[in-house]
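# An overview of the molecular structure
Take a look at the letters that make up each chain.
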Amino acid sequence: MHSNYRGGQEWLELGIPLTTGSEEACKMYDAVVTQMFTFKNDETLGGFEGTFNRIKQADPNFVMGHVMANYLEMNGKDGLPSDIAKMKSLAETTPGITTREKKHVHAVDLWFQGYMDKAAAVWEDILVDHPYDVSAISMAFHSYLFRGKSYQIRDVTSRILPHWKPSTPLYGCILSRHAFGLEETNLYAQAEKEAREALSIEPRDAWATHTLCHVFDKVGRHEELINVMEKTQTNWEYGTNLACHNFWHWALGAIELGEYETALSIFDSQLTKRLAASESVFNLSDVTSLLYRLEFEGAAIGDRWRSVSDMYKKHIHDHFSIFYDIHTYMACLNSDEDGLADKMMESIQEFIRNGKGDNREITAQVGEKVMKAFEAYQEGDYAMAVDLIYPVKYRLHELGGSHAQRDVFNLFMIQAAIRSPNKAHHKLARNLLNERKAVADQTPMVDRLMAKVLDFHDD
């Protein structure tokens, strides 16, 4: 992270004029986007909350300050001074406001209404003329990640990266985002090369390390994944919710190798502690996914569901991301509180009836079926679980998240098929495992699961 934040003139030289008379507001805007890209809080400013307080003090009517606060609050940054109505009013009344800034306001408003794809299109439009607009880059990138659009995740940075110079602040962060997009579109060698280049620029680039985790997982280099995480831990364990997510990747590598105690140790020493500090729904999904994967493997998880169950209650009515909603529901199914899962399913069905936006559409078409599949599995109706989730197998990416995050649904499908009394499902389980083996040959988990199929069934 660079320590000297950029003022108005420096932003103007990049073609990003900021409509404010306050130099401090311009610098604090840079502080916001820097913390956003690096996943590292600037504790000298008090993190995001302290930085936005400084923006408010410097210029309470700074439109891009309101844009960033609203966007980040909608993405799980609680406690920020969000106010959609005020942001829109300022866009209409601020003298000299640029067309680019008005587009940002429009995009955030679309996002707020649930239209992520339309919002991303506006941010993409901004980037045509303003390739250095780091807010538009990040917002478009994460919109696509929320929607599971792998090629768009890659292409949004592919289009702007040639405009950037290595000397430009945050260049390495842009490069590591591009590397991630390459990984999500199966270009693993190129993704690894760019992630390592980003780390050569900034060894503490937590997103670049995160990208390496994805590459190693997809190509079956799990021992190398664990080795890299052990050796570089002090570079990426700082700060915000990405560190928790990187520990989750470390635990996944351990599970793949059958090292369940290592995964449980990471859960106990890192994930629960960091989740308690952030209460981020992003990290809640990590915790849920990890516990399910451990249970799939037959690991004894004890009362660990109870240790996190209270954190899910406040999210049962969120419905801004079906990926997170499904994980919340998965946790509710394991809650000690009677009726919590039923309450969430009722809320989901109400959202389908009366909600709007992209998330409502994919919830109705795919998400509800996946949730009901988990419910059936929990009740021991494994055949029904398969019958619900398998028909939407090739739409699971629409739920959002990365390939690694969504893989819990694929593993769930395999486990349900193995346990089903339907002989056709046993053959399906073997075929699904053959698919995984074809992608990465060095997959100890697949070998264990194939042995499990043969042990359970002789048909």
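Residues numbered from 1 in each chain as written. Predicted model: local features only at pLDDT ≥ 70, side-chain atom pairs only at ≥ 80, totals over all residues. Heavy atoms only, no water.

Along the protein chain, the regular secondary structure elements total 24 helices and zero strands. The C-alpha atoms of the protein chain give a radius of gyration of 22 Å, which matches the 23 Å a tight globule of 459 residues would have. Here the protein chain, with 459 residues, has 59% of them falling under the buried criterion. A total accessible area of about 18200 Å² is found for the protein chain, and carbon and sulfur atoms account for 49% of it. (Helix = DSSP H or I, 4+ residues; strand = E, 2+ residues; numbered from the N terminus. Rg over C-alpha atoms; globule rule 2.2 N^0.38 Å. Buried < 20%, exposed > 50% of the residue type's maximum accessible area, 1.4 Å probe, protein only. Areas by Shrake-Rupley, 256 points an atom, 1.4 Å probe, with all protein chains shown as cover.)

A word on empty space enclosed by the protein. Where empty space is left in the structure can be found by rolling a water-sized probe over the atoms. Per the counting criterion, the structure on display carries two cavities of 30 Å³ or more. A volume near 60 Å³ is recorded for the largest cavity. As for the largest cavity, its lining consists of Met116, Phe146, Arg147, Phe320, Ser321, Ile322, Phe323, Asp358, Asn359, Ile362, Glu398 and Leu399. Looking at the lining of the largest cavity element by element, the count peaks at three residues for helix H20 (residues 358-378). Here the residues of the lining of the largest cavity are counted per class, giving seven nonpolar, two polar and three charged. The space that makes up the second largest cavity amounts to roughly 40 Å³. Every residue along the wall of the second largest cavity is listed here: Ile255, Arg293, Phe296, Glu297, Leu411, Gln415, Met445 and Leu449. Where the lining of the second largest cavity is concerned, the elements lending two or more residues are helix H16 (281-296), helix H22 (403-419) and helix H24 (444-456). Residue composition of the lining of the second largest cavity, by class: five nonpolar, one polar and two charged. (1 Å grid on protein atoms, 1.4 Å probe; cavity = no way out; pocket = protein on both sides within 12 Å on 5 of 7 lines; lining within 4 Å. Points joined across faces, edges and corners; volume = space filled by probe spheres on them. Nonpolar A, V, L, I, M, F, W, Y, C, P; charged D, E, K, R; others polar.)

Before going further, it helps to spend a moment on the nonpolar core. Membership of the largest hydrophobic core comes to 158 residues, with the highest contact counts inside it found for Trp123, Val370 and Phe409. If we ignore the near neighbours within four places in the chain, the residues touching Phe409 are Phe323, Ile326, His327, Met330, Val370, Phe374, Ile389, Leu396 and Leu399. (Core = buried A, V, L, I, M, F, W, Y, C linked by side-chain atoms within 4.5 Å. Contact = heavy atoms within 4.5 Å.)

Running from N to C, H20 and helix H21 (residues 382-389) point in directions that differ by 170 degrees, and their axes come no closer than 7 Å. Taken as axis vectors, H20 and H21 run roughly antiparallel relative to one another. Touching Lys369, Val370, Lys372, Ala373, Ala376 and Tyr377 of H20 are Tyr382, Met384, Ala385, Leu388 and Ile389, all from H21. In the contact of H20 with H21, the residues fall into nine nonpolar, no polar and two charged. (Axes fitted to C-alpha atoms, helices over the stretch in contact; angles between N-to-C directions. Parallel < 35°, antiparallel > 145°, perpendicular 65-115°, else oblique.)

Among the surface-exposed residues, Asp342, Glu346, Glu379, Asp381 and Asp387 lie close enough to one another that they form a single negatively charged patch. Counting through the fold element by element, Glu379 comes out in the loop between H20 and H21. Its relative accessible area of 62% is what places Glu379 among the exposed residues. (Patch = residues over 30% accessible without salt bridge, like charges linked within 9 Å, V, L, I, M, F, W, Y side chains within 5 Å. Salt bridge = Lys/Arg side-chain N within 4 Å of Asp/Glu carboxyl O. Lys, Arg positive; Asp, Glu negative; His and termini not counted. Charge placed at Lys NZ, Arg CZ, Asp CG, Glu CD.)

Here we come to the environment of Tyr390. The topology assignment puts Tyr390 in the loop between H21 and H22. Residues in contact with Tyr390, not counting those within four places in the same chain, are Met413, Leu428 and Leu432.

Before going further, it helps to examine unusual backbone geometry. Residue Leu170 is not a glycine yet carries a positive backbone phi of 75 degrees. Relative to the elements of secondary structure, Leu170 occurs in the loop between helix H9 (150-160) and helix H10 (171-184). Of note, the phi angle at Glu279 is positive, near 50 degrees, even though the residue is not glycine. Looking at the secondary structure, you find Glu279 in the loop between helix H15 (260-278) and H16.

Let's shift gears to the side chain of Thr288. The topology assignment puts Thr288 in helix H16. When its relative accessible area of 0% is taken as the criterion, Thr288 is described as buried. If sequence neighbours within four positions are ignored, Thr288 has contacts with Trp305, Tyr312, His327, Met330 and Ala331.

Another point: the state of the cysteines. Under the definition given, this model contains zero disulfides. Of all cysteine sulfurs in the structure, the one in Cys244 sits closest to Cys213, which takes part in no disulfide; the separation is 13 Å. (Disulfide = S-S within 2.5 Å.)

Another aspect to go through is the pattern of salt bridges. Where charged atoms from two side chains of opposite charge approach closely, those side chains can pair. Enumeration according to the criterion identifies 25 salt bridges in this entry. Lys88 serves as the salt-bridge partner of Asp109, at 3.3 Å between the closest nitrogen and oxygen. With Asp109 in helix H6 (residues 99-113) and Lys88 in helix H5 (residues 84-93), this residue pair connects regions lying 21 residues apart in the sequence. According to the relative accessible area criterion, Lys88 is partly exposed, its value standing at 37%. In this structure, Arg395 engages Glu398 in a salt bridge whose closest nitrogen and oxygen atoms are separated by 2.8 Å.

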